[in-house]
Amino acid sequence: MMWYPVFYREMLLFKKKILKFGYVFSSLLFPMIYLFAFGMGFGREIRIGDASYIEFLLPGIVAMTSMTNSFNLVSNALSMGRLYFKSFQVIRQSPISPMSIMSGIVLSGIVRGFTAAAVIVIVGGVIFGVMPFTLLSLAGLTLNLVLFSSMGVVVGMLTKDPEDNALYTNFFIMPMAFFSGTFFPIDRLPSLAKGIVMLLPLSYTNILMRSKEITATEILSIAALVIFSLAIFLFGARLIRNYSE
Amino acid sequence: MIRVKGLTKYYGNKCAVDSVSFEISRGEVFGLLGPNGAGKTTIIKMLTTLSRPDSGDIRFNDIDAVGNPDGIKRLIGVVPQDRNFDRELSVYENMLVYGMLYGIKDLQNKIGKTLALLGMYDERHSCIDVLSGGMQRRLLIARALLPGPEILFMDEPTIGLDPQIRRDIWDIVRDIRDRGTTVFLTTHYMEEAEAMCDRIGILSKGKLITVDTPAALKESVGAYVVEVQNNNGRLNRVICSSRHEAMEIAGKSGNGAVIRRVNLEDAFIKLTGETIER
């Protein structure tokens, strides 16, 4: 439980921010726009397999929201805390182990990302009347949150200027959001593009988000997300351990 | 209590700290005096596990602080130069989180006592941003004292504070020392170093020039100073070993020469060839 003070601090800060308009707005604006624009534009007209487009779209938007929120909120908070407010140094100088610091921050990213994803799920259910989720969706969402919160720590530790976070978002996170099966099925891509997309972890999350039963594809997706998450988590903990000014 | 040997740190090709060695005894107030950029903050960061030295040895009560930084974290408290609070949280919440990081038992009670000790109990529910600079500095000290450290590190504890509040902080540091805590501080204020420190290390361009008591440092360069204004309006200082010598030099210099005792600034200038901007 050594991670708990770090997690508790993050939750105190989250509680103070969550009701601020700007915070909610920046976290949910784009997912909401995508959901309403594509959902209302194509929602019931287009079918993908045996599902309506909104049933296909909603899990993708939930995955994307969880990714952007866990990644952005963790990387921004950490880079600002490290480079500007110097609050990370307080934690680093305390007797909490690097692994516990990593766990506390990642858990806070999970809560932040899950909260944003839950809002999208509720809006999708209430406005569009769909709830196309299974326990596999929950597993995919959880692994996605671990992975991108960990990635947020890695970026937050490596960045030399908080403004550089936008670079990671623009050149890595946003393309991944669009090409990893959020808005259209990956199997419609040319084979080369599909091969590249399958290197992106969000692709596996999107597979799980829409899965109804466990097959080899789901097992492969879970394995891929676990391996990605573990590797990035351990790398983040190592960056914290080796932190030196 | 603390033994530092050959401490060296480079940033790129620039040597920020150059083979610095010193020892600090239990219960003393030890100060590092030097101008901005001398390497004071880099040394304090290395001593408090935030920066890894490129070479050298740091031992706290024989614990190797470089090889085993986690081994010393419960011994030390840090008052950084930056007011690195969580600004969205209240005074109490900042203390609470800090206490939890150190696994302190009976935390609520200890927070109350520590805030009361620093005269901040009535501010416990205040937001950080409404506190004055002096109060924020007190809170930094309170936070660092909460786990009951054996050694308190203070990086420029009175920088940016007005003279009265600076003196209040000096009183607090003396009180901390009287309670048995060893204090290591950095400063570029001569009067602060002289007023607070049992011993002073003079740092210049990353090198530790000398370590001694304020009185011994002054004695090492002379006894009296003759200040004479030259034709360009600049003040020339001549350090003399005796009053007799000072009187002679003043007599030759004509009217306007002032004789006074050597102060720490004279010693600093003589030892380093540098001046410190006030």
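Being a predicted model, the structure only gives us computed values, none of them experimental. Every chain begins its residue count from 1, and numbering advances along the sequence as written. Written order determines the labels here, with chains lettered from A and ligands numbered from 1. Under the rules for a predicted model, residues below a pLDDT of 70 receive no local features and side-chain atom pairs below 80 are neither given nor counted, while totals for whole chains, interfaces and linings still include all residues. The basis for every side-chain value is the complete set of non-hydrogen atoms in the structure, without hydrogens or water.

Draft legend 1. Just the overall build of chain A, in detail. Secondary structure elements are taken from DSSP: a helix is a run of H or I of four residues or more, a strand is a run of E of two residues or more, and numbering for both begins at the N terminus. Scanning chain A from N- to C-terminus turns up 10 helices and 2 strands. Across chain A, helices and strands are ordered from the amino to the carboxyl terminus as α-α-β-β-α-α-α-α-α-α-α-α. In terms of overall dimensions, chain A is globule-like: its C-alpha atoms have a radius of gyration of 18 Å, near the 18 Å expected for 245 residues. Three exposure classes are used, based on accessible area relative to the maximum for each residue type with a 1.4 Å probe and protein chains only: buried under 20%, partly exposed in between, and exposed over 50%. Going through the 245 residues of chain A one by one, you find that 55% of them count as buried. The criterion used for residue contact is that any of the two residues' heavy atoms lie within 4.5 Å. When contacts within chain A are restricted to residue pairs at least 6 apart in sequence, long-range pairs at least 24 apart make up 79% of them. Using a 1.4 Å probe, the Shrake-Rupley method yields the accessible areas, and only the shown protein chains count as cover for residues. Surface summary for chain A: the accessible area is close to 10900 Å², and the carbon and sulfur share equals 72%. Each charge class in chain A can be summarised by its mean position, and for the 18 positive and 11 negative side chains these summaries are 10 Å apart. The globule rule used here is 2.2 Å times the number of residues to the 0.38 power, and the radius of gyration it is set against is calculated over C-alpha atoms. Charge assignment in this entry is limited to Lys and Arg as positive and Asp and Glu as negative, and neither His nor the chain termini are counted. Where a charge lies is defined by one atom per residue type, namely NZ (Lys), CZ (Arg), CG (Asp) and CD (Glu).

Draft legend 2. Quick look at the packing of aromatic side chains. Residues and elements named next belong to chain A. Here a pair means two rings of Phe, Tyr or Trp (six-membered ring of Trp) with centres within 6.5 Å. Their orientation is stacked below 30 degrees between planes, edge-to-face above 60, and tilted elsewhere. One pass over the structure, following the stated rule, counts 20 aromatic pairs over all chains. Ring geometry for Tyr 34 against Phe 38: centres 6.4 Å apart, planes inclined by 35°, an arrangement best described as tilted. Residue Tyr 34 and its partner Phe 38 are both found in helix α2 (residues 21–42); the two are separated by 4 residues, about one turn of the helix. For Phe 38, a relative accessible area of 26% puts it in the partly exposed group. On the numbers, 5.8 Å between centres and 50° between planes, the contact of Phe 36 with Phe 128 is tilted. One end of the pair, Phe 36, is in helix α2; the other, Phe 128, is in helix α5 (residues 98–128), and 92 residues separate them in sequence. Counting every residue linked through ring pairs, the aromatic cluster contains Phe 30, Tyr 34, Phe 38, Phe 178 and Phe 183.

Draft legend 3. Main features of unusual backbone geometry. All names here are of chain B. If you check the backbone angles, Asn 61 has positive phi at about 45° while not being a glycine. Position of Asn 61 relative to the elements: it lies in the loop between β4 (55–60) and β5 (63–64). A relative accessible area of 31% places Asn 61 in the partly exposed class. Phi is positive for Asp 106, which is not a glycine, with a value near 50°. Examined against the element boundaries, Asp 106 turns out to sit in the loop between α2 (91–101) and α3 (107–117).

Draft legend 4. Spatial organisation of the interface of chain A and chain B. Every contact between the two is made by 25 residues of chain A and, on the other side, 24 residues of chain B. Here chain A and chain B share an interface that buries about 2400 Å² over both sides, 60% of which is from carbon and sulfur atoms. On the chain A side of the interface with chain B, the three residues burying the most area are Gln 93, Pro 95 and Glu 245 of chain A, jointly 29% of the side's total. By convention in these notes, a salt bridge is any Lys or Arg side-chain nitrogen within 4 Å of a carboxyl oxygen on Asp or Glu. For Glu 93 of chain B, the salt bridge identified is with Lys 16 of chain A, shortest N-O distance 3.0 Å. At the level of elements, α1 (4–18) and α4 (87–93) of chain A are the ones that each hand at least two residues to the side of chain A that touches chain B. Here the quantity called buried area is the accessible surface, traced with a 1.4 Å probe, that two parts lose on coming together, added over both.

Draft legend 5. Inspection of the nonpolar core at higher detail. In this structure, Leu 35 and Val 153 of chain A together with Leu 139 and Ile 141 of chain B are the most contacted members of the largest nonpolar core, which totals 114 residues. Counting residues per element, this core draws most heavily on helix α3 (residues 53–83) of chain A, at 13 residues. Ignoring any residue separated from it by four or fewer positions in sequence, one finds Val 153 of chain A in contact with Val 74, Leu 78, Met 102, Ile 105, Val 106, Gly 236 and Ile 240 of chain A. The term nonpolar core refers to a set of buried residues drawn from Ala, Val, Leu, Ile, Met, Phe, Trp, Tyr and Cys, joined through side-chain atoms within 4.5 Å. With 28 residues, the next largest nonpolar core counts Val 4, Ala 38, Ile 72 and Ile 151 of chain B among its residues.

Draft legend 6. Quick look at the pattern of salt bridges. If you walk through the whole model with that rule in mind, you get 23 salt bridges over all chains. Close ionic contact of Lys 218 of chain B with Glu 194 of chain B constitutes a salt bridge, the shortest N to O distance being 2.5 Å. Of this pair, Lys 218 of chain B sits in helix α7 (residues 214–221) while Glu 194 of chain B sits in helix α6 (residues 190–196); the two residues are 24 residues apart in sequence, bridging distant segments of the chain. Bridged by salt links that share partners, the residues Arg 9, Glu 10 and Arg 112 of chain A together with Asp 86 of chain B form one connected network.

Draft legend 7. Quick look at the environment of Ile 269 of chain B. Mapping Ile 269 of chain B onto the fold places it in helix α9 (residues 264–272). In the structure, Ile 269 of chain B is positioned 48 residues away from Val 221 of chain B in sequence and 9.8 Å away in space, judged by C-alpha atoms.

Draft legend 8. Up close: the sheet that holds strand β12 (residues 235–240) of chain B. Residue and element names in this part refer to chain B. In this description, strands pair whenever DSSP reports at least two bridges between them. Here we have 3 strands laid out as an open sheet, ordered β12-β11-β13, and antiparallel in their pairing. Both edges of this open sheet fall to β12 and β13 (258–261), since each of them pairs with a single strand only. Adjacent strand axes in the sheet meet at a mean angle of 25° when their direction is disregarded. Summarising the sheet, strand β11 (residues 224–229) and β13 pair through 4 bridges and their orientation is antiparallel. Note that in β13 the partner of Val 226 across the bridge is Ile 259. Relative to β11, helix α8 (residues 243–253) is tilted by about 10°, and along the sheet it contacts β11, β12 and β13. Here, axes are lines fitted to C-alpha atoms. For helices the fit covers the stretch in contact, and angles between N-to-C directions go from 0 to 180 degrees. Against the sheet, α9 contacts β11, β12 and β13, and its axis sits at roughly 90° relative to β12.

Draft legend 9. Main features of the packing of α7 of chain B against α9 of chain B. All names here are of chain B. Interhelical geometry of α7 versus α9 gives an angle of 60° and a closest axis separation of 9 Å. On the basis of their axis angle, the class for α7 and α9 is oblique. In the crossing of α7 with α9, the sense of the turn from one axis to the other is left-handed. Residue-level contacts link Pro 214, Leu 217, Lys 218 and Val 221 of α7 to Leu 264, Ala 267, Lys 270 and Leu 271 of α9. Here roughly perpendicular refers to angles of 65 to 115 degrees, roughly parallel to angles under 35, roughly antiparallel to angles over 145, and oblique to all remaining angles. Take the far helix as the reference: if the near one is turned anticlockwise from it by less than a right angle, the crossing is left-handed, and if turned clockwise, right-handed.

Draft legend 10. Molecular detail of the pairing of strand β2 (residues 14–24) of chain B. All names here are of chain B. Pairing of strand β1 (residues 2–11) with β2 involves 7 bridges; the strand directions are antiparallel. Looking across to β2, one finds that Arg 3 is bridged to Glu 23. What sits between the antiparallel neighbours β1 and β2 is a turn of 2 residues, in which Gly 12 has the positive phi angle 65°.

Fair warning: the whole summary comes from geometry, so function is off the table for now.
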